[in-house]
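Notes for the structure review
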Amino acid sequence: MKKIEYYHKNSDVIAYEKTTNENGYWEERTYDEKGNQLTYKDSYSYWEERTYDEKGNELTYKDSEGYWNKRTYDENGNELTFKDSYGDYRIRGRKVIKEEFEAFTNPLVNKITE
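Summary of the structure given here. From a predicted model like this one, the values you see are computed outputs, not experimental measurements.

**Side note on the nonpolar core**
- In this structure, Y40, Y46, Y61, Y67 and F82 together form the largest nonpolar core, which totals five residues.
- Not counting residues up to four positions away in its chain, the partners in contact with Y40 are Y25, E27, E28, R29, Y46, W47 and E48.

In structure tokens:
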């Protein structure tokens, strides 16, 4: 197996890595300065992308198969909201319907219903 790694400037944190096996299959990954994986690609055309907040909590995820999710967090880093492309909606880990989720996440709707 062949492996290539590049590091963030003045750091021991990997920024990019690529591995290739003897059959030519390869995988590439990129990482932010905190070591969180940002991207993944492979030789079969599969890919993933992630974003993070300043605390390292995953905010978004999407992949080449069309799946995606989005998360928000409270000030303590606990997951506050979650929604995904399968129609799963959660508030503080509790499954809710879309309308309840939208009312919770949209301040204008919250004010109208108060």
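**Observations regarding the sheet that holds strand β2 (residues 14–20)**
- The strand order across the open sheet formed by ten strands is β1-β2-β3-β4-β5-β6-β7-β8-β9-β10, and the pairing between neighbours is antiparallel. Every interior strand has two partners, whereas the edge strands, β1 (2–7) and β10 (94–96), have only one. Averaged over all neighbouring strand pairs, the angle between strand axes comes to 10°, with direction disregarded.

**Details of the pattern of salt bridges**
- What the rule picks out here adds up to 13 salt bridges.
- A salt bridge links K18 to E28; the shortest N-O distance between them is 3.9 Å. In this pair, K18 sits in strand β2 while E28 sits in strand β3 (residues 26–31), placing the two residues ten residues apart along the sequence.
- Between R50 and E48 there is a salt bridge, with its nearest N and O atoms 2.9 Å apart.
- Here the salt bridges share partners, and the residues they tie into one network are K3, E5 and E17.

**Regarding the packing of aromatic side chains**
- This structure, assessed with the given rule, holds six aromatic pairs.
- Relative to Y67, the ring of Y61 lies with its centre 5.9 Å away and its plane at 50°, an arrangement referred to as tilted.
- We classify Y61 as buried; its relative accessible area is 11%.
- The structure contains a cluster of three or more aromatic residues connected by ring pairs, namely Y61, Y67 and Y86.
- Over the ring of W26 we find K18; its NZ or CZ atom is 4.9 Å from the centre of that ring.
- A cation over an aromatic ring shows up here: K70 above the ring of W68, its NZ or CZ 5.8 Å from the ring centre.

Scoring rules and cut-offs
- Residues numbered from 1 in each chain as written.
- Predicted model: local features only at pLDDT ≥ 70, side-chain atom pairs only at ≥ 80, totals over all residues.
- Heavy atoms only, no water.
- Core = buried A, V, L, I, M, F, W, Y, C linked by side-chain atoms within 4.5 Å.
- Buried < 20%, exposed > 50% of the residue type's maximum accessible area, 1.4 Å probe, protein only.
- Contact = heavy atoms within 4.5 Å.
- Pairing = 2+ DSSP bridges.
- Helix = DSSP H or I, 4+ residues; strand = E, 2+ residues; numbered from the N terminus.
- Axes fitted to C-alpha atoms, helices over the stretch in contact; angles between N-to-C directions.
- Salt bridge = Lys/Arg side-chain N within 4 Å of Asp/Glu carboxyl O.
- Phe/Tyr/Trp six-rings, centres within 6.5 Å; stacked < 30°, edge-to-face > 60°.
- Lys NZ or Arg CZ within 6 Å of the ring centre and 35° of its normal.

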